[in-house]
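# Structural description and commentary
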Amino acid sequence: MEKKKTDVKFIVGMTVLVIVMAAMGASFWKVVAIQAEKDRAEEQRQEEEAIRAICVEAGDVLKDLVFVDMDTKTVFKAEIPSEGIYNRNGKLMEGDVLENGDMVKIYGDNVMTRSIPAQYPGVTKMKRMGRATLEELEPYLEIVKEIM
C-alpha cells in the first residue's frame, strides 16, 4: 500500500511538472512571437522612412559626391556607415565605393542639418539599389549644379 501511495505521488508530481514546463514553454514562444512581430513592424517602419536617393558628382575641380533625394529633390551629404554598403539583397558589398548615378536607400534618424548642402549625420545603413541611366541622372545633375 505504501509503495502504491509513493507511485501515485510520483506520477502526480511528474504530471504537474510536465504541465508547468509546457506552460513555461508556451509563454516563452509567445514572447518570441511578440518580439518577432515588433521587429517586423520596426523593419517595415524603417523601410517606409528610408530616403531613396541618387548619388551625384558635384564640383568642377574637386569632385565630391552628394545625394539627391529622389522624392523631395533635396541635395545633401551623408557619410557611408562604418559597416559598409549593402546590395539590394541585403549582403555587404566589397569596397565601400559609390559612383555617379548609383541609386541608394539611406536609413537613419531622418534628421538633416539646415545647411547648403544639407548634412545627414544620422545614417545607420545604406543600400545600393542599382544604377541610373544617363537620361535618369541628367535632371539630378541639373539640381546639383543649381545648388552648388
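Here we summarise the structure given alongside this text.

## With respect to the sheet that holds strand E1 (residues 51-58)
Read from one edge of the open sheet, seven strands run E4-E7-E5-E1-E2-E3-E6, paired in mixed fashion. Bordering the open sheet on either side are strand E4 (85-86) and strand E6 (118-120), each of which pairs with just one other strand. Inspection of the sheet shows E1 paired to strand E2 (residues 64-69) by six bridges, in the antiparallel sense. Within E2, the position partnered with Val56 by the bridge is Val66. Sheet strands in contact with helix H2 (residues 134-147) are E1, E2, strand E3 (75-78) and strand E7 (123-131), and its direction is about 65 degrees off that of E1.

## Examining the nonpolar core
In this structure, Phe67, Phe76 and Ile106 are the most contacted members of the largest nonpolar core, which totals 14 residues. Broken down by secondary-structure element, the contributors of at least two residues to this core are E1, E3, strand E5 (102-108), E6 and E7. The dominant element in this core, judged by the number of residues it contributes, is E1, at three residues. Apart from the residues lying within four places of it in its own chain, the contact partners of Phe67 are Ala53, Ile54, Cys55, Thr74, Val75, Phe76, Ala78, Leu98, Val104, Ile106 and Met126. Counting residues in hydrophobic clusters, the runner-up holds 13 residues, among them Ile54, Val75, Leu141 and Val144.

About the cut-offs
Residues numbered from 1 in each chain as written. Predicted model: local features only at pLDDT ≥ 70, side-chain atom pairs only at ≥ 80, totals over all residues. Heavy atoms only, no water. Pairing = 2+ DSSP bridges. Helix = DSSP H or I, 4+ residues; strand = E, 2+ residues; numbered from the N terminus. Contact = heavy atoms within 4.5 Å. Axes fitted to C-alpha atoms, helices over the stretch in contact; angles between N-to-C directions. Core = buried A, V, L, I, M, F, W, Y, C linked by side-chain atoms within 4.5 Å. Buried < 20%, exposed > 50% of the residue type's maximum accessible area, 1.4 Å probe, protein only.

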